Amino acid sequence: MNEETHEIRLRVNGVPRAATVPARRLLSDCLRHDLGLTGTHVGCEHGVCGACTVLLDGRPVRSCLMFAVGADGHEVTTVEGLAAADGTPHPVQRAFRECHGLQCGFCTPGFLTVVAAFLEENPEPTEEQAREAIGGNLCRCTGYVNIVRAVLRAAELRRAAGRDPQAGDPAPRGPVRRQRP
Amino acid sequence: MSARMFGAPVQRTEDERLLTGRGAYLDDLGADAYAAVFVRSPHAHARVRDVDVTDALDVDGLIAVYTHEDLTGPMAEPLPLLLPHPCIVDGRTPHALAAGYVHHVGAPVAMVVARDRYLAEDAAERIAVDYEVLAPVVGIEAAVAAEHVVHAGMSDNVAAHLVQEVGDARAAIAAAPHRLELDLDIERSACTPMEGRGVYARWDEAGGSLRLYSSTQTASGVRAAVAAKLGLDVGRVEVVVPDVGGGFGVKIMHPWPEEVMVPWAARRLGHGVKWTEDRREHFIAAAHERGQRHTVRAGFDDEGRLLGLDVEILHDNGAYLPYGVIVPIVTSTQLLGPYKPGAYRVEFRSLYTTTVIVTPYRGAGRPQGVFAMERTMDAIADRLGRDRAEVREVNLIRPDEMPYDQGLLFQDGRPLVYDSGDYPRTLRMVKELIGWEGFAAERERARAEGRRIGIGLACYVEGTGPGPYEGGHVQVGTDGRVRVATGLTSQGQGHHTILAQIVADELGVAMSDVEVTTGDTRRMPYSVGTFASRGAVMSGSAVALAARKVREKALRVAADALEADPGDLEIAGGRVHVRGVPGAGMDLGTVAVLSNPLRYAFDEASRAATQFARPADHAAPPVPEGDAPGLEGTDFHSPLRSTFANGAHAVVVETDPETAEITILRYCVVHDCGRLVNPLIVEGQIHGGVAQGVAGALYERMAYDADGQLLNASFMDFLVPYASEIPPIRIAHLETPSPLNPLGVKGAGEAGVIPGAAVIASAIEDAEGFPVRSMPISPSDLFGLRRRFAAGEIPPLRRAERARGRRANETGEPDV
Amino acid sequence: MKPPPFHYHAPTTLADALTVLGETGPHGKILAGGQSLIPLLNMRLAAPAHLIDINRLAELDRVDVDDGGVRVGALARHARVEADRSAAEAIPLLRQGLRLVAHPVIRNRGTTVGSLVHADPSAEMPAVLALLGGSLDLVSASGRRTVAAADLYVGPLESCLRADELAVCARFPRPAPGTGTAFVEIARRRGDYAVCGVAALVTLDDDLRVAAARAAYLSMAPVPHVLDLIEAVAGRPPDTADFAAAGRLARGRLDPEDDIHATAEYRAHLAEVLTARALREAAEAAVGALGASRPDPERAT
Ligand SMILES: Cc1cc2nc3c(=O)[nH]c(=O)nc-3n(C[C@H](O)[C@H](O)[C@H](O)COP(=O)(O)OP(=O)(O)OC[C@H]3O[C@@H](n4cnc5c(N)ncnc54)[C@H](O)[C@@H]3O)c2cc1C
Ligand code: FES
Ligand code: FES
C-alpha cells in the first residue's frame, strides 16, 4: 500500500523550492517537515487558531487548511521570509519586540504574517482596526493587549521607514509582496 | 556604574529568535524520528476485552504497535502518585497503556509507531479494540451519588477527604448576629496552551543513555520519572526542554503516559521516536481544572465582620489522581484571601469521575476559592445594605499585623503565614482606578438610557514561589561572557530576560554578555519546576546568590592580581577595577583565566592574563583548599515558606437588556508582587492572566454529556477568546518587598487569572439585580437566569430593591 | 489530526473536471477553498477516495454583475466577492453577509459557492441566497440544471447535488427597487458561526410603505429558513411599522434546538429580538436606497 506522490515546485520566501509529497500532505507539514521551515506553527489543524498562517501570493491563508499540492506554482511567504535579505527585521517584528507582543512565541508567526499583510492594505490603522486585523488569531499568553499595541507601533515604524530616504522604497523592506497570479 | 537592569522595562532577549522563526519547539526537532500516535478510548468507562492489530499491519511505513501486554517491569505498573497526602483515601493512577480498563474518553490504549504521523494515524484507525462499555460517572452529582463507581474495588467515588479547622467555626456561626449560606459552582475549563504536549526521545546504544526532549514544565522531574520507569540510572538520562509554546500548568510532570512510552519505544527500537499531541488529543487526553462546588456558611456582625466561616468543597478530580490533591488544598487555604475569617472550617471531598484528569491550571484552585470568598463578601454586604468595598475593608488584615498566621497548612506543607502586603492600600487603589465612588450615579444614568451596567470587585492573596529549592549556576568564560543556568523551565514568561537582568546587575556586566539556559538537566540537574509562580522568586533568587558567589571570587582573584584590597574593587561594564580608578583593572574574562591555574594560552584573554600572573607560591597548592578552579559558582535558594503576593481587580460590565450579551467596559488591576524585576514582563503576565480569567468567566467550559463524551473538543467550540473578546486592561502596581528572598520579589505568573470569575460575577450581579452563583456564564445562561428571576425563582438583591425604592421616591412612581 | 489518503485530481478545464467527477461518482469530492472540507478530513470525519481540486479552473474565478443580479463563479473566494464594489452596490446584502463569515483569512480562501453547497445551517451565505430567492447552476457530464435555493437544501450539511455535479455559479438576483437589507447575528466570539442570525429584507412601495418584509434565519433550523413577515407590518411607513410584532410572529414560527452554546428558548428569544432589529435596519436602508435613487429636489438643498 504505497501512496502516490506528486512533485511540486513553489517559491518560498523568494527561493524556488521543490518537494515530493503525497497529495494529502498539508501545506503546514510540507513547509515544516519537507522544507525545514519550522517557523510556521501548528496549533489546531482545523483553521481556528491561525498559528499556521502564511502568505500565499501575498495574502494570508491557513496553511493547515491547504494541501501542499495546491501550492504548486505559487509564492509562499513564511515568518522566516519577513525580514529583509540583509537581516533587517520587518517593522512588525521590531514592533512585537518593543511592545512585548509575544510571550511563548508559538502563536507569533501567524500574527506577524497577518499583520504584515494587513499593513500593506491599511498603513494607518486605528486601534479598532488593529484589533480587528488580528481578530482571527488566537494567543493564549498575551491577552492581546500588547499585540494591538504592536500593530499600531509597526504601522508607525513602517511609515517612518517610508519617510527615510535611505530606505528608498516607501513600502517596508522584505518580501511581503502583493501579487495575484 | 552601568544602569541598573533590575526594575527596568528591558526588551526580551528571547524575542529575536522567536520573531524570525528560529524558535525550536518540540515538533521542530527530530526531523528523522519515527512518529508515535496513540489509540485512545472512545468510551468514558469500559473494559478492554481485546485489541486486534491485524488490519494495521499492512499499513506501509508501520514500525510497531504496542499494548499493555508488551510492557514489563515498572512500565507495566501504574504510573506514580506524585504527591501523596494523608487525606487520600484511595489514590488511583493510570497505566501507561490501558491495563484492562479505561476510565475516560481519550485514555491511551495502544501506541503506534510509524514512519510519519499520517501513516501512524492510518494504522491507528485500523486497530480494532473490543470494549465492554461500563457505566459512566460524569459530574459532581453523579460522583457523590455513587450509583456507579469509577474504580473497581471502591465503594464510592471519594478519592480524598480533608477537614481543616481553626477555632470552632460552626459554634461561631451559630452565635453570630447574622448568618448566610451560599451554593457556589465553577465549571471545568483547561489551560489549552497554543502548543500541545510533545515528547521526543533518542536512545544512544553506545553510551547506553537516553536523550529526552519534552514540552514540559519540569525537566528534572521527567528525568527522574523516566529513569525509574525504564530502570536506568538517572545519570544516563538527559532531559532537555526546548522552547515551549505555553504551559499554564498542564505541562506539569507526574509523568504523563506518553512521556514514558515514547522513550521506552525509542530505546526498544533503537531509533528516535516523537509524539506531538494534536488539538483533539489535548482536549481529551491532557488535563482540565476548575470544576468545583462550594457550600459556604458565614456568620458575621453588623459591620459585616466575619465571625465564622464554614466551607464544604466538592472537587471533581477526573479519572485519576496522579498529582494528588493540590487543587482543593489550595482552594481550602487561599480562599481566605486578605481577610481574617474569625473561626474557619473547611472540608473537601475529591471525587473520581470518568473524565479527563485534573491538575493545576494557572491559579490552581485559587480562582474557585476567591470566587467563594468574594461572592460571600458581596452577599454579606447585600444582606447588611452596606457598600461592598466597606465590608471587605473591615475584614482586611492590616499591614501592621504582618506576618500574619492563618493557622493552616499550605500546599507546600508549611504554615500558611503571609509575609507582607498592604491590603487596605490595594483596595483603595483599585477603587480609585475603576471609579468606585462615582459609580452609583453612572449606573443610574445608564439605566435612564435603558442600559444596564454593573461594577464588581474582588481581592485575592496568592502564595507564590514555594520551595523546596531552585538552583542557579553562573560561570564566567575566558571571553568574559556569563553563562547562567537554572533548572526550571520557561513557557514564555521571559525567564531568560529577567535572569539575565538579575545576573547583569549582580556581576556588573552588560545584559548582552549574559546567556541563560533553563530546563536542561545537563546544565542544572537539581530543580523542581515551573509552577506556582515560582520562576522569579526561586530561580531569580538562586541565580542572584550564585552570581554573588562569583562576584566575591572575582574580586578576590582580581585583588590578588592587582595587589589591592577586595573591598576597594568594584565590577562595572564587565571590568574589575579599583573604585574611582577605572583604568586600574582587568576584564572579567581575564579574571576567569586567572581563576584557573591550568593556563593554556588558547586565546587572547589567556595571553592577556599572563601580565597579571603572580609568581607561584610554592608553599600552597595551586588550587587552595576550599576553592575550585574556574570563575563559577552554584547556589540554591530554599526559602522558609512561600511568599504571598496580593491584588484586587475591579470591572465594569454592560449586559444587553434584550440579548443578554455581556460586554466588559473597563477592567482594572492593582497588583503587588513585591519588587518588579521587569515591569514590561509582569504586565504581560497580568494581561494574559486576565484574558484567561475573562475566558473562564464568560467563554470557556468543558461540555461533557452524560455519557462522558466531551462535546466541544475543538477550538471551534471551546471558546478561547480572540482579541475581540478581551477588553483593554488598566494596571497599577504596588511594591511591598518580600522579606523571604534576597530580591524582595513575589510571584507574578498566575495572579491575573485568579479573581476573574469572582469579579465578573460581582459586576453582572450588580447590573442585573439578582445573584449570580455559578460561573462561567454565557448570554444563554444569563437569559435563563433572567427568566427564573422574572418567574420569582431567584430572589432579587436587596440593594437592587432599595435602589428601585429610591428611584420610585424621586420620581413619585410607585415602587414595583 | 492528519487527513486520510486519497487520489488527487487537478483538472485544468471544466470538461476534464466533469469527466473525473462522472468517473469517481460517490467516491469523489470536490475541493474548492477547503475551509470546510479540510477540517473534516483532518479530523477524519470524511474519507473520500478521490479529491477533485477545482482551484485550477480559472474560468470559474469570476464575479459578474448585470441587471439581473450578481453571478458568483465557483472559484470566487469570499474575500473577492466581498471586495467587489459593483456586486456590493447591486446587492448590499452580499457584503453584509460576507463580513460575518468567519475571519478575513478564512475568507481569503473559502469560496462562496463552496459555502452554499456545504449547506451548513449556521452559514451566512445560504441564508442570503435563500432570502433573495437565488439559485445555483449545476453541471455534470450529462447536463446542466439550475436549482432554486428553496429546493437546494435537504438537511444540515446536505444539499441536493448529485455526486457527479459541480456547482459552477450562484445567481443572486437583485432585490426589487425600494428594497433595503440587513444582516444581524449574535455569535459567541466575533467570527464564529452564529448562535442566531437573521438576514432581512424590506421593500417599500412608492408611498414609502412596507410592501415586503422577509427574513432568513441561520442556526434556527436544519436548513436556511425564510419567513414572510409582511402581515405584521404591511402598509405601514417604516417609522411606525411594528417590527417587534414581526419579531414575535417569527418566533412563533421557529422551532430551534438546544446545543452547547445556547438553549432553544434563548435562540427563539434572540430570533425575535434580532428579527425586529434586522427589519428596522433593512427598512432604514430601504428609505436610504429610495432617497438615493430618487433625489428629492427640496431635500437636496
Ligand atoms: C475557522 C473557520 C470558521 C468558519 N466560520 C464560518 C462562518 O462563520 N460562517 C460561514 O458561513 N462559514 C464559515 N466557515 C466556512 C467557510 O465559509 C468555508 O469557506 C465554506 O463553508 C466552504 O467553502 P470552501 O470553498 O472552503 O469549500 P470546501 O471546503 O472546499 O468544500 C466544502 C464542501 O462543498 C463541496 N463543494 C465546494 N465547492 C463545490 C462546487 N463548486 N460544486 C460542488 N461541490 C462543491 C465540497 O465537496 C465539500 O463537500 C468557517 C471555516 C473555518 C475554517
Ligand atoms: S493550525 Fe492552522 S489554524 Fe490552527
Ligand atoms: S505568545 Fe504564547 S500563544 Fe501567543
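Residues numbered from 1 in each chain as written. Chains lettered and ligands numbered in written order. Predicted model: local features only at pLDDT ≥ 70, side-chain atom pairs only at ≥ 80, totals over all residues. Heavy atoms only, no water.

1. Looking at the interface of chain B and chain C
Every contact between the two is made by 33 residues of chain B and, on the other side, 25 residues of chain C. Together, the buried faces of chain B and chain C total about 2,500 Å²; carbon and sulfur atoms form 55% of this surface. Among the ionic pairs, B:Asp656 bridges to C:Arg277, the shortest N-O distance being 3.4 Å. The interface formed by chain B and chain C contains 18 residue pairs in polar contact (both at pLDDT 80 or more). Secondary-structure elements contributing two or more residues to the side of chain B that touches chain C are α2 (117–125), α7 (279–285) and α19 (779–790) of chain B. The leading source of residues in the side of chain B that touches chain C is α2(B), at five residues. (Contact = heavy atoms within 4.5 Å. Buried area = accessible area lost by both parts, 1.4 Å probe. Salt bridge = Lys/Arg side-chain N within 4 Å of Asp/Glu carboxyl O. Polar contact = N/O pair within 3.5 Å; in protein donor to acceptor, adjacent residues only side chain to side chain. Helix = DSSP H or I, 4+ residues; strand = E, 2+ residues; numbered from the N terminus.)

2. A closer look at the interface of chain A and chain B
Listed per partner, the contact involves 47 residues of chain A and 55 residues of chain B. Summed over both partners, the interface of chain A with chain B comes to about 4,400 Å²; 56% of that surface belongs to carbon and sulfur atoms. Note that B:Asp27 and A:Arg32 form a salt bridge whose closest N and O atoms lie 2.8 Å from each other. Across the contact surface, chain A and chain B share 25 residue pairs in polar contact (both at pLDDT 80 or more). Elements supplying a minimum of two residues to the side of chain A that touches chain B: α1 (27–34), α2 (91–98), α3 (108–121) and α5 (145–163) of chain A. Top element by residues in the side of chain A that touches chain B is α2(A). It accounts for four residues. Here the residues of the side of chain A that touches chain B are counted per class, giving 17 nonpolar, 18 polar and 12 charged. (Nonpolar A, V, L, I, M, F, W, Y, C, P; charged D, E, K, R; others polar.)

3. Digging into the domain arrangement of chain A
All names here are of chain A. The domain architecture assigned to chain A consists of domain 1 (5–81) and domain 2 (91–167). Centre-to-centre separation of domain 1 and domain 2, based on C-alpha positions: 22 Å. Between domain 1 and domain 2, the residue contacts involve 17 residues of the former and 13 residues of the latter. On the domain 1 side of the interface with domain 2, the three residues burying the most area are His-41, Cys-49 and Val-79, jointly 39% of the side's total. In this assembly, domain 1 and domain 2 are joined by five residue pairs in polar contact (both at pLDDT 80 or more). Elements with a minimum of two residues in the side of domain 1 that touches domain 2: β3 (53–56) and β4 (59–62). In terms of residue count, the dominant contributor to the side of domain 1 that touches domain 2 is β3 (three residues). The class makeup of the residues in the side of domain 1 that touches domain 2 is eight nonpolar, eight polar and one charged. (Domains from an automatic or database assignment.)

4. Describing the sheet that holds strand β1 (residues 5–12) of chain A
All names here are of chain A. An order of β2-β1-β5-β3-β4 is seen for the five strands of this open sheet, with the pairing classed as mixed. Two strands bound the open sheet, and with one partner strand each, they are β2 (15–22) and β4. Across the sheet, the mean angle separating the axes of adjacent strands is 40° when strand polarity is ignored. Pairing of β3 with β4 involves four bridges; the strand directions are antiparallel. Bridge pairing links Val-54 to Val-61 in β4. Most of the contacts of α1 go to β2, to which it runs at about 110°, and overall it touches β1, β2, β3 and β5 (75–77). (Pairing = 2+ DSSP bridges. Axes fitted to C-alpha atoms, helices over the stretch in contact; angles between N-to-C directions.)

5. Concerning the sheet that holds strand β21 (residues 514–518) of chain B
All names here are of chain B. Here four strands make up an open sheet; going across it, the order is β21-β20-β19-β25 and the pairing mixed. The open sheet has two free edges, formed respectively by β21 and β25 (632–637), since each of these has just one partner strand. Here the strands of the sheet are splayed against their neighbours by 15° on average, with no regard to which way each runs. Running at roughly 135° to β21, helix α13 (residues 495–507) makes contact with β19 (470–476), β20 (482–486) and β21 of the sheet.

6. Examining the packing of aromatic side chains
Residues and elements named next belong to chain B. For the structure shown, the criterion picks out 14 aromatic pairs over all chains. A ring pair is formed by Phe-283 and Phe-715, whose centres lie 5.8 Å apart and whose planes are at 85°; its orientation type is edge-to-face. With Phe-283 in helix α7 and Phe-715 in the loop between α17 (679–698) and β28 (729–734), this residue pair connects regions lying 432 residues apart in the sequence. Looking at Phe-283, the relative accessible area reads 0%, which means it is buried. By relative accessible area, Phe-715 is classed as buried at 0%. What links up through ring pairs into an aromatic cluster is the set Phe-410, Tyr-418, Tyr-423 and Phe-644. The ring of Trp-256 has Arg-197 lying over it, and the distance from NZ or CZ to the ring centre is 4.0 Å. Over the face of the ring belonging to Tyr-361 we find Arg-290, whose NZ or CZ atom lies 4.0 Å from the ring centre. (Phe/Tyr/Trp six-rings, centres within 6.5 Å; stacked < 30°, edge-to-face > 60°. Buried < 20%, exposed > 50% of the residue type's maximum accessible area, 1.4 Å probe, protein only. Lys NZ or Arg CZ within 6 Å of the ring centre and 35° of its normal.)

7. Brief notes about empty space enclosed by the protein
Rolled over the atoms, a probe with the dimensions of a water molecule shows which regions are left empty. Residues and elements named next belong to chain B. Counted under the stated rule, the structure contains nine cavities of 30 Å³ or more. The calculated volume of the largest cavity comes to roughly 150 Å³. As for the largest cavity, its lining consists of 16 residues, and the residues nearest its centre are Ile-186, Arg-290, Pro-367, Gly-696 and Ala-757. Looking at the lining of the largest cavity, the elements with two or more residues in it are α17 and α18 (756–768). In terms of residue count, the dominant contributor to the lining of the largest cavity is α17 (three residues). Broken down by class, the residue content of the lining of the largest cavity amounts to eight nonpolar, five polar and three charged. (1 Å grid on protein atoms, 1.4 Å probe; cavity = no way out; pocket = protein on both sides within 12 Å on 5 of 7 lines; lining within 4 Å. Points joined across faces, edges and corners; volume = space filled by probe spheres on them.)

8. Points about the pattern of salt bridges
All names here are of chain A. Within this structure, the stated rule accounts for 101 salt bridges over all chains. The salt bridge involving Glu-75 is made with Arg-11; its shortest N-O contact spans 3.8 Å. Of this pair, Glu-75 sits in strand β5 while Arg-11 sits in strand β1, placing them 64 residues apart in sequence. Glu-75 gets classed as buried once you look at its relative accessible area, which sits at 10%.

9. Brief notes about the UniProt feature "domain: FAD-binding PCMH-type" (unreviewed entry) in chain C
As recorded in UniProt, the feature "domain: FAD-binding PCMH-type" (unreviewed entry) lies at residues 1–177 of chain C. With 34% helix and 25% strand, the stretch residues 1–177 of chain C has end C-alpha atoms that lie 50 Å from each other. (UniProt positions renumbered as here; feature names shortened; annotations may be inferred.)

10. Here's the deal with the domain arrangement of chain C
Residues and elements named next belong to chain C. Under the domain assignment, chain C is made up of domain 1 (7–53), domain 2 (58–173) and domain 3 (179–290). Between domain 2 and domain 3, the C-alpha centre-to-centre distance is 21 Å. With 22 residues of domain 2 at the contact, the number on the domain 3 side is 21 residues. Taken together, both faces of the contact between domain 2 and domain 3 bury some 1,700 Å²; the carbon and sulfur share is 68%. Here domain 2 and domain 3 share zero salt bridges between them. Linking domain 2 to domain 3 there are five residue pairs in polar contact (both at pLDDT 80 or more). Counting only elements with at least two residues in the side of domain 2 that touches domain 3, the list comes to α5 (92–98), α8 (124–132) and β8 (153–155). Tallying contributions element by element places α8 first for the side of domain 2 that touches domain 3, with seven residues. Across the side of domain 2 that touches domain 3, the residue classes tally to 15 nonpolar, five polar and two charged.

11. What about the packing of α2(A) against α3(A)?
Residues and elements named next belong to chain A. With their axes 9 Å apart at the nearest point, α2 and α3 run at an angle of 125° to one another. Considered as vectors, α2 and α3 are oriented oblique to each other. You can see that α2 and α3 cross each other, and the crossing is right-handed. Here Val-92, Gln-93 and Phe-96 of α2 come into contact with α3, specifically with Thr-108, Phe-111, Leu-112, Val-115, Ala-116 and Leu-119. Here the contact of α2 with α3 is built from residues that sort into seven nonpolar, two polar and no charged. (Parallel < 35°, antiparallel > 145°, perpendicular 65-115°, else oblique. Left-handed = near helix turned anticlockwise from the far one by under 90°.)

12. Points about the site of ligand 1
The environment of ligand 1 is made up of 35 residues, and the closest members are C:Ile30, C:Ser36, C:Leu37, C:Thr111 and C:Glu124. At the site occupied by ligand 1, nearby residues are drawn from chains A, B and C. Between ligand 1 and C:Ile30, the relevant distance is 2.6 Å, taken from an oxygen atom to a main-chain nitrogen or oxygen of the residue. Summarising the interface, the protein chains cover 96% of the accessible area of ligand 1, which totals 950 Å² for the free molecule. Those elements that provide at least two residues to the shell around ligand 1 are β2 (28–31), α7 (112–118) and β10 (166–173) of chain C. (Near = heavy atom within 4 Å. Areas by Shrake-Rupley, 256 points an atom, 1.4 Å probe, with all protein chains shown as cover.)

13. Points about the pairing of strand β17 (residues 415–418) of chain B
Residues and elements named next belong to chain B. Across three bridges, the pairing between strand β16 (residues 404–409) and β17 is antiparallel. Of the residues in β17, the one forming a bridge with Asp-405 is Val-417. What sits between the antiparallel neighbours β16 and β17 is a turn of five residues, in which Gly-413 has the positive phi angle 80°.

14. Let's talk about the packing of helix α8 (residues 326–334) of chain B against helix α9 (residues 366–384) of chain B
Residues and elements named next belong to chain B. At a minimum axis separation of 8 Å, α8 and α9 run at an interaxial angle of 35°. In terms of crossing hand, the pair formed by α8 and α9 is right-handed. Across the interface between the two elements, Val-327, Val-330, Thr-331 and Gln-334 from α8 touch Arg-366, Gln-368 and Gly-369 from α9. Its residues assigned to classes, the contact of α8 with α9 shows two nonpolar, four polar and one charged.

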